[in-house]
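# Analysis of the macromolecular model
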Amino acid sequence: MIDSWISTAETYAGDEKRFVDDLVAVTPGAIDLEMGLPADQDAVGEDRTAPRMDMVVAQGGEVAFWEAKCAVNTELRARASYKERPDNRYYEGPRVIWQLRRYQRWMSRPFRLSQVRDAYVEAAQLLLGLAELSGKQGPAMDAWRELAASGQKTAVVLPPGIVVAGYCPVRADGLPRIEDSAYLAKIKSFGEHEAKLHRHGVTVVTVNGRPSGPVLPTLGPGFISAEEREVP
């Protein structure tokens, strides 16, 4: 029966979902997935909410965010320079920059940082309590404990980083993949696109094989710019 459940679940799991599963398995500080951002009453259209953030990670007394993409995702690359319309809507260039800038704008609104901070401090407290009730121990509990202890001093780190799968995530049912060659070709050509993202202020981490240990660095504060800038 369990095998049939796995096979059914595979019909709903895309490569980026499998990649996030691989990351969670080696990231003790992972505290949430697909963070939903509530609507703003005074905003209109698609700006009422920001896109969901793939991973929320506790890094000491801080909360940081990661967007996971596969190397074959076209949102990561574009020959055209990045441009926005006068109303801040996407026009052309790497679409992921617009996605991150939408996160940035949403989080800069009044009270958002404190809302997010308080929500994840509470989440850390709840997860820690449940784990202690069941007698669990381990690095995840250490990460939750440190975040919970930070309380009102917890910092929310912006902008999110991007973590890129340079490999074709395996299926849970073990069936072979035929997309490996496509991933290999895309990751070989990703360098120039990665450099463009860096010039906009984006932190990019590329993972070229299924991770066996932590791969996400500690994120620091920054800013995603609509214009390219010199990178030191």
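The residue count restarts for each chain, going from 1 along the sequence in the order it is written. Only residues with pLDDT of at least 70 are given local features in this predicted model, and only at 80 or more are side-chain atom pairs given and counted; all residues enter the totals for whole chains, interfaces and linings. Just so you know, side-chain values use all the structure's heavy atoms and leave hydrogens and water out.

Strands are runs of DSSP state E lasting at least 2 residues, helices are runs of H or I lasting at least 4, and numbering of each runs from the N terminus. Along the protein, the regular secondary structure elements total seven helices and eight strands. Only protein chains enter the area calculation, which uses a 1.4 Å probe; residues under 20% of their type maximum are buried, those over 50% are exposed, and those in between are partly exposed. Relative to its full complement of 232 residues, the protein shows a buried share of 44%. The contact rule is simple, with two residues in contact once any of their heavy atoms fall within 4.5 Å. For the protein, long-range pairs separated by at least 24 residues make up 69% of all intrachain contacts whose partners lie at least 6 apart in sequence. The Shrake-Rupley method, run with a 1.4 Å probe sphere, supplies the accessible areas, and residue values consider only the shown protein chains as cover. When the accessible surface of the protein is split by element, carbon and sulfur atoms take 55% of a total near 12,400 Å².

Right, let's talk about the confidence of the model for the protein for a bit. Caution is warranted with low-pLDDT regions, since their predicted coordinates should not be read in detail. Per-residue pLDDT for the protein has a mean of 87; in total, 88% of the residues score no lower than 70. Of all secondary-structure elements in the protein, the lowest mean pLDDT belongs to helix 1 (residues 2–10), at 70, while strand 8 (residues 204–207) reaches the highest, 96. Known as pLDDT, the predictor's per-residue confidence is scaled from 0 to 100.

Moving on to the pairing of strand 2 (residues 53–58). Within strand 2, six of the six residues are buried, which leaves the element mostly enclosed by the surrounding structure. Any two strands between which DSSP finds at least two bridges are classified as paired. Taken together, the four bridges between strand 1 (residues 30–35) and strand 2 define a ladder with antiparallel strand orientation. Following the sheet pairing, M35 is matched in strand 2 by M53. Direction of pairing for strand 2 relative to strand 3 (residues 62–70): antiparallel, over a ladder of four bridges. Within the sheet, the bridge partner assigned to V56 lies in strand 3 and is F65.

Our focus in this paragraph is helix 4 (residues 112–133). Its 22 residues place the ends of helix 4 32 Å apart at the C-alpha level, agreeing with the 32 Å of an ideal helix rising 1.5 Å per residue. For helix 4, the full list of buried residues reads R112, V116, R117, Y120, V121, A123, A124, L128 and A131. Buried residues in helix 4, looked at end-on, bunch into an arc of 160°, giving them a common side. Seen from the buried face of helix 4, the exposed residues on the opposite side, beyond 90 degrees, are L126, L130 and L133. Where helix 4 is buried, its residues touch strand 1, strand 2, strand 3, helix 3 (95–107), helix 5 (139–150) and strand 6 (155–156). The first or second residue beyond helix 4 is G135, which carries a positive phi of 75°. Multiplying 1.5 Å by the residue count of a helix minus one yields the expected span of that helix. The arc in question is formed by the directions pointing from the helix axis toward the C-beta atoms.

So, on to the pattern of salt bridges. Salt-bridge detection follows one rule: a side-chain nitrogen of Lys or Arg within 4 Å of a carboxyl oxygen of Asp or Glu. Within the structure shown, the criterion is met by twelve salt bridges. In this structure, the salt-bridge partner of D142 is R145, at a minimum N-O distance of 3.2 Å. Linking D142 with R145, this pair stays in helix 5, spanning three residues, or about one helical turn. Take R145: its relative accessible area is 33%, and that puts it in the partly exposed class. Put simply, E67, K69 and E75 are held in one network by salt bridges that share partners.

What follows is about the side chain of Q104. Tracing the backbone through its elements, the reader meets Q104 in helix 3. Not counting chain neighbours up to four residues away, the residues in contact with Q104 comprise P159, G222, F223 and I224.

On to the nonpolar core. Nonpolar core, defined: a set of buried Ala, Val, Leu, Ile, Met, Phe, Trp, Tyr and Cys residues in which side-chain atoms within 4.5 Å join the residues together. In terms of nonpolar packing, the biggest core is built from 59 residues, with F65 and V163 touching the most fellow members. The element best represented in this core is helix 3, accounting for seven residues. The contact partners of V163, leaving out residues within four places of it in the chain, are F19, L23, W66, E67, A68, K69, V205, V207 and L216.

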